[in-house]
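A look at the structure
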Amino acid sequence: MDYPFFNSKALSDGNVYDLTDPIERLKYFNAKLGTKIEDLKVFLDSNSFIAYMLAKKLAGKGTYAKMVGEILGPTRIAHISVGDVIRKNHILLEDPTAFSELRSYMEKNYRGFVSIDEAFEAMKNRTQEKLSIPTDFLLCLLKNEISQMGKKALFIDGLPRNMDQISASLYFRDLVNYRDDPDLFILIDTPN
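Residues numbered from 1 in each chain as written. Predicted model: local features only at pLDDT ≥ 70, side-chain atom pairs only at ≥ 80, totals over all residues. Heavy atoms only, no water.

1. Details of the sheet that holds strand β3 (residues 50-55)
- Spatial ordering of the open sheet is given by β4-β5-β3-β6, a layout of 4 strands whose pairing is parallel. Here the strands that pair on one side only, and so sit at the sheet edges, are β4 (77-81) and β6 (183-188). For this sheet, the mean inter-axis angle between neighbouring strands, taken without regard to orientation, is 20°.
- Pairing between β4 and strand β5 (residues 153-157): 5 bridges, direction parallel. Each residue of the ladder has a partner; that of Ser81, found in β5, is Asp157. (Pairing = 2+ DSSP bridges. Helix = DSSP H or I, 4+ residues; strand = E, 2+ residues; numbered from the N terminus. Axes fitted to C-alpha atoms, helices over the stretch in contact; angles between N-to-C directions.)

2. Digging into unusual backbone geometry
- In this structure, Leu58 takes a positive phi of about 65° despite not being glycine.
- Its place among the elements puts Leu58 in the loop between β3 and α3 (61-72).

3. Let's talk about the pattern of salt bridges
- This model, assessed by the stated rule, comprises 8 salt bridges.
- Among the ionic pairs, Glu24 bridges to Lys27, the shortest N-O distance being 3.9 Å. Placement of the pair is Glu24 and Lys27 together in helix α1 (residues 22-33), with a separation of 3 residues, close to one helical turn.
- You can call Lys27 partly exposed: its relative accessible area is 44%.
- With a closest N to O distance of 2.8 Å, Asp117 and Arg103 form a salt bridge. Remark: Arg103 occurs in helix α5 (residues 96-109) and Asp117 occurs in helix α6 (residues 116-124); sequence separation between them is 14 residues.
- Under the relative-accessibility criterion, Asp117 is labelled partly exposed at 47%. (Salt bridge = Lys/Arg side-chain N within 4 Å of Asp/Glu carboxyl O. Buried < 20%, exposed > 50% of the residue type's maximum accessible area, 1.4 Å probe, protein only.)

Shape is all these values report; function is a separate question.
So this is what it looks like as structure tokens:
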């Protein structure tokens, strides 16, 4: 009996594609979607969108976003992981110059109920099990990251993560600096 190898796809064209190989992935998506990839590239040359990816931890949000970016090109798509943004900014706490720039940005833009010093302290003391960074502070960090991306289609993963971030979704337009882009939510439903 012939078993297909892991991470492979067979299409009705009779070919089997190894999805672990970037060239094979591109062939697979071209075979599956035809001209739709080129149509989407043309659309993204003058338009963009914002996709909020919702899923459990380790469900593949980043993998899917990176795969789409690989197919459509890094000049059109950006992937922003909330966890990566927090880790990146946490490292800045150790560099006095970088921290000064971050603090200056936060003082101009952060409007939370917790003091800015308490919010920085929460980020400094965060753990993998307990992410106790105030939502308003997190959204401000995210807004800073998004402002550096330019006018690309955005895949944002890790937001909303909890109930108080869902209520903050009313401010997602502010988060993306009021870009007039369509937004969508992508739910990746994976079994336990």
